[in-house]
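Residue-level listing of the chains:
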Amino acid sequence: MILSKSNYMNYLRHPAWLWLEKHDKDKIPKSDDNTQAMFANGAKFEHYAEIQFEGATRMHWDKTDYDSYASLGPRTKEAIERGSKVILQAKFETEDLACICDVVQIVNEHTVDLIEIKSSTSVKKEHLYDLAFQTEVLHRNGYKVRDVSVIYVDRDFVAGSIGHEMTIKENVTTKVLALGEETKRNIDAALAVMRSSSIPDISPRHVGLGAMSEWLTIYRNLVELPEYSIYDLVKLTPLQIEQFEDDGILYIADIPEGTYLTPKQELQVLATKQEKPIINRDAIRAFLGELTFPLYFLDYETFSGVVPYFDGQSPYQQIPFQVSVHRLDSIDDEPLHDWYLHREKTDPIVRMTESLESILGTRGSIITWNMSFEKNCNKLMGELCPEYREFYEKVNDRIVDLGTPFKDDMYVDKAFRGSWSIKNIMPVLMPELSYKTLGIQNGSTAQQRWIQAVLEESRDDKEQVFDDLLKYCELDTLAMVEIFNVLWQQFVPMNPEPDMLDMTDEVSKRGVKCMWCGSTRTAKIEWGMYDDDALEDEDVKSGKVYLGGCTPDMVAMRTAIRHCYGCGKNY
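Residues numbered from 1 in each chain as written. Predicted model: local features only at pLDDT ≥ 70, side-chain atom pairs only at ≥ 80, totals over all residues. Heavy atoms only, no water.

Student: Where do I start with the overall build of the protein in this structure?
Tutor: What the protein contains, in helices and strands, is 23 helices and 17 strands. On the principal axes, the C-alpha backbone points of the protein span a range of 100 × 60 × 45 Å. A burial count over the protein gives 49% of its 571 residues as buried. In the protein, 65% of the contacts between residues at least 6 apart in sequence involve partners at least 24 apart. Carbon and sulfur atoms provide 49% of the accessible area of the protein, an area that totals close to 28,200 Å². Placing the 63 positive and 93 negative side-chain charges of the protein at their respective mean positions leaves the two points 3 Å apart. (Helix = DSSP H or I, 4+ residues; strand = E, 2+ residues; numbered from the N terminus. Buried < 20%, exposed > 50% of the residue type's maximum accessible area, 1.4 Å probe, protein only. Contact = heavy atoms within 4.5 Å. Areas by Shrake-Rupley, 256 points an atom, 1.4 Å probe, with all protein chains shown as cover. Lys, Arg positive; Asp, Glu negative; His and termini not counted. Charge placed at Lys NZ, Arg CZ, Asp CG, Glu CD.)

Okay, here's the thing in structure tokens:
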């Protein structure tokens, strides 16, 4: 068996990962759409970067053709013997090691420069370990590596600009050579794991290179874990796992007091132990009280690429190609849905903006989930099309993040598993909604299929893709509407009796509407202290009168004369 560069890197992520690759590959989940997108971006940037090596010899091979891969080493030797000075995709191998180098520059018979092409926007730790492995393989082939560099993406590059390349080259020779002895030890250990007949310890305590989430996905294929185990703890570290496992702790509920935990982990543990959510009702009520009707629930789907698709854009910028908006005019109304989906192979910003201008109106809260994403999209579209800058600035001024109650720990449920992702919140608060029946179930898939259908024109099922995109994005905003309704119903009413919320009282019959949400469930406010007898007054019980209580805010007492049972606001 041969230890390749990718095998070695997976060994550093977890030793058992390497063993599975060689002995039980079916236990490793196939790449998801997000990973496939990373591979695609890597290939595009590699091709872009290779162009600067004019006159280079490229070693062609097909990943699906073993013969072309196997012959790559001998063909590399032939290219060197013919006098090639720069070789792309050169393969060097020993009896048990092999690596394919992005760029090798031949300095002389025994000296080379090594260059790695990465589609990231900086040099990362794993790049250094990758290059250290390549360097060791080259040493074992009789070469001294003089210089080691990484070519990566310049995030400030603007497509269509003159005299500005999209690449940055950084010399990392000192950092890579410093890993030499460690790399030799790791290679020996990796070879031993690869040749072993039994899998090494699969515990996530052995995770490296920040690969915890990836290994936990594999780990769950190897063992049957109970609900709410320690492996469900948010932001879990290898050191914490080691401590829990050594202490014989399997369940979150069994984590003892005094254990070092992050604040979010502490709340997750507490909610799990007490078997009920931790809720800050006043904070949620205050959050909801800041909203202004009509409410617009907005979600974008975006595209991006390492190589920008349109002039004026930069690498990895997220450009919306689709928007879904549910509008709620008052708490008593049914939500109305509107949307825009760009279907042409053109920059979508102008058409997207025209659609948004007609959908969003000029007042009312715009509700998103993880608002920094939508705000950044809006800021970017305003920068790329300055004539719309003012529009997007006003839109951003109206945006509210519905994820705030969950992100800021106003609402913690053990079933959220420490996450405030809408895909974790939605199944808990409204299990009747589900992405599982949809043709597209996540944003990465949405992006990739739209790019394939529209920009690359490589799909024959374009109309089906459009239909799937519309259903997926609509569910994103509908889910926000339903989560909002759950919060509103639970936390906005100030202990109203059921008969206070019907439409039979005289005030409702007169149709006095709330200035905030338009509801007719309103009442006159009586300010001042009151006792229990006041609560039994027929006008109070029927909802005609609302007891405002005693407040030091004299301005509020002079100006607020009505209370709305629909939105909980005074006006």
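Moving on, there is more to tell.
Student: Teacher, can you tell me more about the nonpolar core here?
Tutor: Nonpolar side chains tend toward joint burial in soluble globular proteins. Membership of the largest hydrophobic core comes to 77 residues, with the highest contact counts inside it found for Leu402, Trp450, Ile483 and Phe484. In this structure, Phe484 is in contact with Leu288, Leu291, Phe293, Leu295, Phe297, Leu328, Ile331 and Leu402, ignoring residues within four places of it in sequence. Core analysis: the next-biggest nonpolar cluster, separate from the first, contains 64 residues, Ala90, Tyr129, Leu236 and Ile241 among them. (Core = buried A, V, L, I, M, F, W, Y, C linked by side-chain atoms within 4.5 Å.)

Student: Help me out: how do you make sense of the sheet that holds strand S16 (residues 545–549) in this one?
Tutor: Across the sheet, three strands lie side by side as S16-S15-S17; this open sheet has mixed pairing. Strand pairing shows two members of the sheet lacking a second neighbour, S16 and strand S17 (562–564), which therefore form its edges. Taking each pair of neighbouring strands and ignoring which way they run, the sheet shows an average axis angle of 45°. Two elements, strand S15 (residues 522–527) and S16, share four bridges in a ladder whose sense is parallel. The residue of S16 that forms the bridge with Lys524 is Val545. (Pairing = 2+ DSSP bridges. Axes fitted to C-alpha atoms, helices over the stretch in contact; angles between N-to-C directions.)

Student: Any chance you could explain the sheet that holds strand S13 (residues 399–401) here in plain terms?
Tutor: Within a beta sheet, neighbouring strands are joined by backbone hydrogen bonds and run either parallel or antiparallel to one another. Strand order across the open sheet formed by five strands is S11-S10-S9-S12-S13, with mixed pairing between neighbours. Edge strands, defined here as strands with exactly one partner in the open sheet, are strand S11 (336–341) and S13. Pairs of neighbouring strands in the sheet enclose a mean axial angle of 25°, with direction left out of account. As judged from the three bridges shared by strand S12 (residues 366–368) and S13, these two strands associate in the parallel manner. Residue pairing for S13: Ile367 is matched across the bridge by Val400.

Student: Explanation requested: the pattern of salt bridges in the structure shown.
Tutor: Opposite charge on two side chains permits pairing when their charged atoms draw close. Tallying each qualifying case throughout the model produces 30 salt bridges. With its nearest N and O atoms 3.0 Å apart, the salt bridge here joins Glu245 to Arg205. Placement of Glu245 in helix H10 (residues 238–246) and of Arg205 in the loop between helix H8 (180–195) and helix H9 (212–222) is noted, with a sequence separation of 40 residues between them. Here Arg205 falls in the partly exposed class, since its relative accessible area comes to 21%. Measuring nitrogen to oxygen at the nearest pair gives 3.9 Å for the salt bridge that ties Lys407 to Asp401. A network of salt bridges, in which partner residues are shared, links Lys5, Glu116, Lys118 and Asp130. (Salt bridge = Lys/Arg side-chain N within 4 Å of Asp/Glu carboxyl O.)

Student: What exactly am I supposed to notice about empty space enclosed by the protein here?
Tutor: Taking a probe equal in size to a water molecule and rolling it over the atoms shows the remaining empty space. Applying the stated criterion across every chain, the model contains two cavities of 30 Å³ or more. Looking at the lining of the largest cavity, the elements that each hand over two or more residues are helix H11 (263–274) and strand S14 (411–412). Counting residues per element, the lining of the largest cavity draws most heavily on H11, at three residues. Taken as a whole, the second largest cavity encloses approximately 40 Å³ of empty space. Of the residues that constitute the lining of the second largest cavity, the class distribution is four nonpolar, five polar and no charged. (1 Å grid on protein atoms, 1.4 Å probe; cavity = no way out; pocket = protein on both sides within 12 Å on 5 of 7 lines; lining within 4 Å. Points joined across faces, edges and corners; volume = space filled by probe spheres on them. Nonpolar A, V, L, I, M, F, W, Y, C, P; charged D, E, K, R; others polar.)

Student: Looking at this structure, I do not really get the side chain of Glu50. What am I missing?
Tutor: In this structure, Glu50 sits in helix H3 (residues 33–50). Other than its neighbours up to four places away in sequence, Glu50 contacts Arg58, Leu88, Gln89 and Ile117.

Student: Please explain the packing of helix H6 (residues 125–140) against H8 as it appears in this structure.
Tutor: Helix packing geometry: the angle between the two helix axes and the distance between the axes. For the pair H6 and H8, the least separation of the axes is 10 Å and the interaxial angle reads 85°. When the axes of H6 and H8 are compared, the pair comes out roughly perpendicular. On H8, the residues that touch Tyr129, Ala132, Phe133, Glu136 and Arg140 of H6 are Glu182, Thr183, Lys184 and Ile187. (Parallel < 35°, antiparallel > 145°, perpendicular 65-115°, else oblique.)

Student: Could you clarify how one ought to interpret the confidence of the model for the protein in this entry?
Tutor: The predicted structure's coordinates, where accompanied by low pLDDT, should not be read in detail. Predicted confidence across the protein gives a mean pLDDT of 90, with 93% of residues reaching 70 or more. This stretch, residues 494–511, has a pLDDT under 50; its non-local contacts, to residues over four places away or in other chains, come to 27 contacts. (pLDDT = per-residue confidence, 0-100.)

Student: Can you walk me through H8 in this structure?
Tutor: An α-helical turn contains 3.6 residues, so any two residues separated by three or four positions project in the same direction. An ideal rise of 1.5 Å per residue puts 22 Å on 16 residues; H8 measures up with 23 Å between its terminal C-alpha atoms. Within the sequence span of H8, burial applies to Thr183, Asn186, Ile187, Ala190, Leu191, Val193 and Met194. All buried residues of H8 project into a common sector of 160° when viewed along the axis, lining one side. Summarising the geometry of H8, the exposed residues directed more than 90 degrees from the buried face are Arg185 and Arg195. Elements that come into contact with the buried residues of H8 comprise strand S1 (3–4), helix H1 (5–13), helix H2 (15–23), strand S4 (97–108) and H6. (Expected span 1.5 Å × (residues − 1). Arc of directions from axis to C-beta.)

Student: Explain the packing of aromatic side chains here, please?
Tutor: Any aromatic ring pair is given by two values, namely how distant the centres are and how the planes are angled relative to each other. Using the criterion set out here, one finds 22 aromatic pairs in the structure. Ring centres of Tyr8 and Phe133 lie 4.7 Å apart, and the angle between their planes is 25°; this geometry places the pair in the stacked category. Note that Tyr8 is positioned in helix H1 and Phe133 in helix H6, a separation of 125 residues in sequence. The residues Tyr8 and Phe133 share a single accessibility class, namely buried. Ring centres of Phe321 and Trp450 lie 4.3 Å apart, and the angle between their planes is 10°; on these two criteria the pair is classed as stacked. Pair noted here: Phe321 is in strand S10 (residues 319–328) and Trp450 is in helix H18 (residues 443–455), with a separation of 129 residues, a long-range link. (Phe/Tyr/Trp six-rings, centres within 6.5 Å; stacked < 30°, edge-to-face > 60°.)

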